[in-house]
Amino acid sequence: MYAAKTAGPSSSRFFADEMNVAASAKLELESDLRRAIAGEGLQLYFQPKVDLATGRVIGAEALVRWQHPRRGLLTPLQFVPLAEECGLIVALGDWVVAAAAAQLRAWTEAGIETVCIAVNLASPSFQQPDIVDRLVGIVRRAGVAPRQIVLDLTESLLMVDGERTIAVLDRLREQGFGLALDDFGTGYSSLGYLKRFPLDELKIDRSFVSDASGDSKDAAIVLSIIELGRHFGMRVVAEGVETAEQARFLLAKGCPIQQGFLFSRPLPAADFSALLQSGRGNDFRRQLAAAG
Ligand code: G
Ligand code: MN
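Below: a short report on this structure. (Residues numbered from 1 in each chain as written. Chains lettered and ligands numbered in written order. Predicted model: local features only at pLDDT ≥ 70, side-chain atom pairs only at ≥ 80, totals over all residues. Heavy atoms only, no water.)

1. Thoughts on the overall build of the protein
1) Next: When you go through the protein residue by residue, the secondary structure sums to 14 helices and 10 strands.
2) Next: Here the C-alpha atoms of the protein give a radius of gyration of 20 Å, agreeing with the 19 Å that 2.2 N^0.38 yields for 292 residues.
3) Next: Along the first, second and third principal axes, the C-alpha atoms of the protein reach 60 × 45 × 40 Å.
4) Next: In the protein, which carries 31 positive and 35 negative side-chain charges, the distance between the mean positions of the two groups comes to 3 Å. (Helix = DSSP H or I, 4+ residues; strand = E, 2+ residues; numbered from the N terminus. Rg over C-alpha atoms; globule rule 2.2 N^0.38 Å. Lys, Arg positive; Asp, Glu negative; His and termini not counted. Charge placed at Lys NZ, Arg CZ, Asp CG, Glu CD.)

Below, the structure written as structure tokens:
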């Protein structure tokens, strides 16, 4: 039934014996995930956002991992689709926000100077009628101010109902949340809406960054996004920076804030804490210069 539904209206799919096996494996994974969200097994990793103008870490993106009892460490790609399918995505999203807030609280209590943490919000979460109160409640219960959290939102999520989106974003912003447009350029953006959304940050999708040196078309796209961000007064962040060449190109074109494997993979909380405590002084600029 699910396969037929996915294939579109008036499709059909025949049932096969293997499906019993697949279905029961899935059911098992689903109940594992339900338990993980309620208890233990999920962890947040933190990927630094680096400002190459100063060489400092100015934020991080929180990325969820699942330490599955039998399957090992799973990345979001391996379980977020399942969470979506079985109606656990909103609960998973709540978990991520709560865990990010709890971590911020723990750093503050340990006397560590924190940076803003970005969390990815899925469309079903954003469509919750109580999304603003919900997020404020989760963050405040952890003893954290919303301004310490950035919400990474995709274009397709924002475009579902543009007028509602504007109202919700305005209220989130009033509460103090930072708002970022994630994977910019890959969805269906209406520039008409973009100018009306109160966003703080544009994240250039890694698909454009990976080929953005010299005079490729991707370079032209990257330049346009940087310009657009400048005119709209939004901070621009390049995602998926993997080589020194990409980093230098972006820096030269006025995009010093970058995130990607070149600087750091997503780190377990303890490793990211160490990075914060080193005075955020792990000088990524020097590292880049040394990359030859
Ligand atoms: O869509 P979003 O920007 O939220 O995606 C974050 C994902 O991108 C994470 O799964 C993270 O591991 C991955 N990622 C982070 N940096 C890089 C990078 O430099 N290269 C590639 N290919 N993926 C990256
Ligand atoms: Mn993101």
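2. So, the coordination of the manganese ion (ligand 2)
1) Next: Ligation of the manganese ion (ligand 2) by protein atoms is provided by Glu61 (OE), Asn120 (OD1), Asp152 (OD) and Asp182 (OD), these donors lying 2.2 to 2.6 Å from the ion.
2) Next: For the manganese ion (ligand 2), the single-chain donor residues occur in sequence as E-x58-N-x31-D-x29-D. Of this pair, Glu61 sits in strand β2 (residues 56–68) while Asp152 sits in strand β5 (residues 149–154), placing them 91 residues apart in sequence.
3) Next: Since its relative accessible area comes to 5%, Glu61 is described here as buried. (Donors = N, O, S within 2.8 Å, 3.2 Å for Na, K, Ca; no water. Buried < 20%, exposed > 50% of the residue type's maximum accessible area, 1.4 Å probe, protein only.)

3. Quick look at the site of ligand 1
1) Next: Around ligand 1 lies a shell of 14 residues, among which Glu61, Arg206, Glu239, Glu242 and Phe261 are the nearest.
2) Next: At a separation of 2.9 Å, an oxygen atom of ligand 1 approaches a polar side-chain atom of Glu61.
3) Next: The contact in question runs from an oxygen atom of ligand 1 to an N or O atom on the backbone of Phe261, over 2.8 Å.
4) Next: If you map ligand 1 onto the pockets, it falls in the largest pocket.
5) Next: Broken down by secondary-structure element, the contributors of at least two residues to the shell around ligand 1 are β2 and β6 (178–184). (Near = heavy atom within 4 Å. Polar contact = N/O pair within 3.5 Å; in protein donor to acceptor, adjacent residues only side chain to side chain. 1 Å grid on protein atoms, 1.4 Å probe; cavity = no way out; pocket = protein on both sides within 12 Å on 5 of 7 lines; lining within 4 Å. Sits in = over half its atoms within 2 Å of the grid points.)

4. A word on the environment of Phe272
1) Next: Checked against the element boundaries, Phe272 lands in helix α13 (residues 269–277).
2) Next: Remark: the alpha-carbon pair of Phe272 and Pro48, spanning 224 residues in sequence, is separated by 7.9 Å.
3) Next: Those residues within four positions of Phe272 in sequence are excluded, and the remaining contacts are Phe46, Pro48, Val57, Gly59, Ala60, Trp107, Val115, Ile117 and Leu267. (Contact = heavy atoms within 4.5 Å.)

5. Some details on the side chain of His68
1) Next: Within the secondary structure, His68 is located in strand β2.
2) Next: What makes His68 buried here is its relative accessible area of 2%.
3) Next: A polar side-chain atom of His68 sits 3.0 Å from the main-chain amide nitrogen of Arg71.
4) Next: Excluding its chain neighbours within four sequence positions, the residues that come into contact with His68 are Leu29, Asp32 and Leu74.

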